[in-house]
Amino acid sequence: MEQPRTGGLQKKFFIALLIVGILPGVAALFATYLYSTHSLKHSIGSSFQEIARSTAIRIAAAVDTEIDHAVQLASIPLVIRQAVEIANRRYAGRSEAEVRRLLAAKQVAWSKEQRDGTASPMTPTAAYLKDWASTTGSYVRVMITDSRGALVASTYPDAPYLNANQEWWQEAMEEDLGTAYVSSLRLDPPRNEYVFDVAVAIPSKDRDEPIGAVGLVIRRTVLMDTIFPIRVGKTGHGMLLDTEGTPLICPVLPPTAHLIHDALLNQLAHNEPLWLVADDDAHGGHNSIVGAAPVRFSHNLSTSSLGGERWFAFVRQQPEETYAPIYSLLFTVGLIGFGLVVVLASMGFVVGRRIVSPILALRREAEALQRDVASLPESASSRHAETSPASAQFHTGDEIEDLAHTFHAMRSALEDSLRTVKSQQAELIRREKLASVGQLLAALAHDLRNPLGVIRSSAQLVLEAHQADAVKKEVARYIIDEVDRLTHRINDFLRYARQKPPEPKRIQSEAIAQSALWQWKAQGGHERVKVETLFGENLPALHVDPEQVKEAMVNLLINAREAMPDGGLLTVTTRAQADGRVEIEVADTGCGIPQANLDRIFEPFFTTKEYGTGLGLTNVKRLVEDNGGVLEVNSEEGNGSQFVMRFPPADKS
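Since the model is a prediction, treat every value here as computed from it, not as a measurement. Along each chain, numbering runs from 1 in the same order as the chain's sequence is written. Per-residue local features of the predicted model are confined to residues with pLDDT of at least 70, and side-chain atom pairs are confined, for both listing and counting, to 80 or more; whole-chain, interface and lining totals are unaffected and use all residues. Working from all heavy atoms in the structure, the side-chain values ignore hydrogens and water.

Visitor: I'd like a description of the overall build of the protein, backed by residues and values.
Guide: Only DSSP runs of H or I covering at least 4 residues are called helices, and only runs of E covering at least 2 are called strands; the numbering of each starts at the N terminus. Within the protein, the secondary structure is distributed over 15 helices and 20 strands. Burial analysis of the protein (653 residues in total) assigns 40% to the buried set. By the convention used here, residues are in contact when the closest approach between their heavy atoms is within 4.5 Å. Contacts in the protein between residues at least 24 apart in sequence constitute 67% of all its contacts with a sequence separation of at least 6. In these tables, accessible area is a Shrake-Rupley quantity obtained with a 1.4 Å probe, and a residue counts as shielded only by the protein chains included in the view. Accessible surface computed for the protein: about 35700 Å², of which carbon and sulfur atoms make up 56%. Categorising residues by exposure relies on relative accessible area from a 1.4 Å probe, with only protein chains included: less than 20% of the type maximum marks a residue as buried, more than 50% marks it as exposed, and the intermediate range marks it as partly exposed.

As structure tokens, this is what we get:
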């Protein structure tokens, strides 16, 4: 049968060129992607690192500037230091209890004035502070306190009078002179806006101890003005965060809307500027390139400044925008490469067509030759005349054209040879049939001649009147034996000539063997033969024609008896093989079969017996094979023979 076609040669040629073009293109795209991604990451990462570093410098500069303002304010001798010194003189000569009662009374009076709306910081210091703070809109409140934390002056009347319990005052007064306090961002409830505190100590004339403190409450806009201008493309921006992972300033999300997770924070929190590729940038981006840098202040800060944390500048961009140049490059390169592959494949298609066309013509020649062979010898000449001009159409100018002419010449010679072979084949078949019929008739005539001669002579003896009854009985017995022999021979010929298809049934191998033994014993002549049966237990059933298999086994039993004319052991065995097949074995201890005859015992009309037809084992083999079995023989001359019929088990269903 012709194998299913997987595709024409032209199609395969086209696909091969397409693959040859695509695979290098894909490899080039992949290499381009890796190289471009590596280069882009380093380029953008270095840029983001530099932006983060410059942002950190700007943030530090903004905070340092505010600290400088506070230091300058604390150093003004007449307006600030003198007012603080006057306030401190109230405590001279008083006990601690008296100082507390004084501060409590002042606190009550200040609270009443705040409720009445008559609270007014002490002028002219307060007036100076207002003028000083008005130069910029960054201050929510500016306060001056004395050595006890009592308010000396403030730009707004809502300032608390006692500030000794405030963190900014404690940090400013308890740290060494020259150390500033900067708080983290916090929400200022009265104005509902984010602010941060800057506080420094007011030194004495001798600058050996603090006599008060300057506290600045500064709007977040001071820091935002340094962050918001940082834009990278459409989605890239800078932000300020602390080591708690809190985004203090983010142009995209409010501070409470998101946190920097620990994994990213651990990567960012270093003492030097850096860039990295973040799996999650806390803004919904994955594999984002980010830059970070620590914020370093030029002033010494107290230990509690910034909430005990550190500040970092952080720069990120949406990965889609970051990698957009790579995707654009890959798309362009891929589009150009695909176009080149299509052009190359199209050229291959055209070239393949030129190669395939003559091959298809040769195929048509071969198909025509096949039809001619099927119709020889009647119309071969006419078909040859009709199809022969096809070879003249090959004008490729290469080896294929030479092949076409050679093929055409070969076809002509082959057709002539096939016509001769066809005619000779018919003659050989006719002769073989005649020879087979002659051989069959010769064998039949040989087997019929002797019994008929015996029957004729025996009949003449019976006709003689003077013969005794005992002689007549013996002659009658001879006649019956010869008739049985003729019947057996004729049955062999009929079995060979008429091959009846099997009628399979489900049956056990033991039942077939028992039935064959009963029929064989009924024929007699087994008096000197000892029969032994070895039937296996729980054998699978067979799906065979019981009569045909029994007939084959009876033939084997008869052959075994004839091989032991002086008696012997006949063994009938049924057993199962490891693969599930069932065997029925007939073994004898007779004369055996010569090694030279083992390959011919199943041939029709082959026999070593003077009275045999040579069809017994031929019929046995055919009956076994018609029922799906296999017949095997093992024999050694002088030691007996073993014939094994092996059948597959019946389906369990």
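Visitor: How would you sum up the packing of helix 2 (residues 77-88) against helix 4 (residues 125-133)? Please name residues and give values.
Guide: Direction vectors running N to C along helix 2 and helix 4 enclose 140°, while the axes themselves pass 10 Å from each other. With respect to helix 4, the element helix 2 is oriented oblique. Handedness of the helix 2/helix 4 crossing: left-handed. Where helix 2 abuts helix 4, its residues Val79, Ile80 and Ala83 lie against Thr125, Tyr128 and Leu129. Convention adopted: a line fitted to C-alpha atoms gives each axis, helices being fitted over their contacting stretch, and angles between N-to-C directions are expressed from 0 to 180 degrees. Angles below 35 degrees are treated as roughly parallel, those above 145 as roughly antiparallel, those between 65 and 115 as roughly perpendicular, and all remaining angles as oblique. When the near helix sits turned anticlockwise from the far one by under a right angle, the crossing is termed left-handed; a clockwise turn instead gives a right-handed crossing.

Visitor: Help me get a handle on the packing of aromatic side chains, residues and values and all.
Guide: Aromatic pairing here means that ring centres of Phe, Tyr or Trp (its six-membered ring) are within 6.5 Å. Orientation follows from the plane angle: under 30 degrees is stacked, over 60 is edge-to-face, and everything else is tilted. Counted under the stated rule, the structure contains three aromatic pairs. Each ring, one from phenylalanine 297 and one from tryptophan 311, has its centre 6.1 Å from the other, and the planes form 65°; the classification is edge-to-face. One end of the pair, phenylalanine 297, is in the loop between strand 11 (288-294) and strand 12 (300-301); the other, tryptophan 311, is in strand 13 (residues 311-316), with 14 residues separating them in the sequence. Residue phenylalanine 297 shares its accessibility class with tryptophan 311, and that shared class is buried. The ring of tyrosine 91 has arginine 148 lying over it, and the distance from NZ or CZ to the ring centre is 5.9 Å. Two conditions define a charge located above a ring, namely a distance within 6 Å from the ring centre to NZ of Lys or CZ of Arg, and an angle within 35 degrees of the ring normal.

Visitor: Hey, could you go over the pattern of salt bridges for me, with residue numbers and the actual values?
Guide: Between Lys or Arg on one side and Asp or Glu on the other, a salt bridge is scored when a side-chain nitrogen of the former is within 4 Å of a carboxyl oxygen of the latter. For the structure on display, the rule yields 18 salt bridges. A salt bridge links glutamate 585 to arginine 575, with the nearest nitrogen and oxygen atoms 2.9 Å apart. With glutamate 585 in strand 18 (residues 582-588) and arginine 575 in strand 17 (residues 568-576), this pair connects stretches of sequence that are ten residues apart. On the basis of relative accessible area, glutamate 585 is assigned to the buried category, the value being 13%. Judged by relative accessible area, which is 28%, arginine 575 ranks as partly exposed. Across the salt bridge formed by arginine 581 and aspartate 579, the nearest N and O atoms sit 2.9 Å from each other. Classification of arginine 581 by relative accessible area gives partly exposed; the value is 31%. Beyond isolated ion pairs, a larger network of salt bridges with shared partners links Arg575, Glu583, Glu585, Glu632 and Arg646.

Visitor: Give a detailed account of the pairing of strand 18, specifying residues and quantitative values.
Guide: Of all seven residues in strand 18, seven are buried; the element is thus mostly enclosed. Side chains of strand 18 alternate between two faces, with Val582, Ile584, Val586 and Asp588 and Glu583, Glu585 and Ala587 buried alike. A pair of strands is considered paired only if DSSP assigns at least 2 bridges between the two. Relative to strand 18, strand 17 runs antiparallel, the two sharing seven bridges. Bridge pairing in strand 18 places arginine 575 opposite glutamate 583. Linkage of strand 17 to strand 18, two consecutive antiparallel strands, is achieved through a turn of five residues, within which glycine 580 is found at a positive phi near 95°. Bridge count between strand 18 and strand 20 (residues 640-647): six bridges; the pairing is antiparallel. In the strand pairing of strand 20, glutamate 585 is matched with valine 644.

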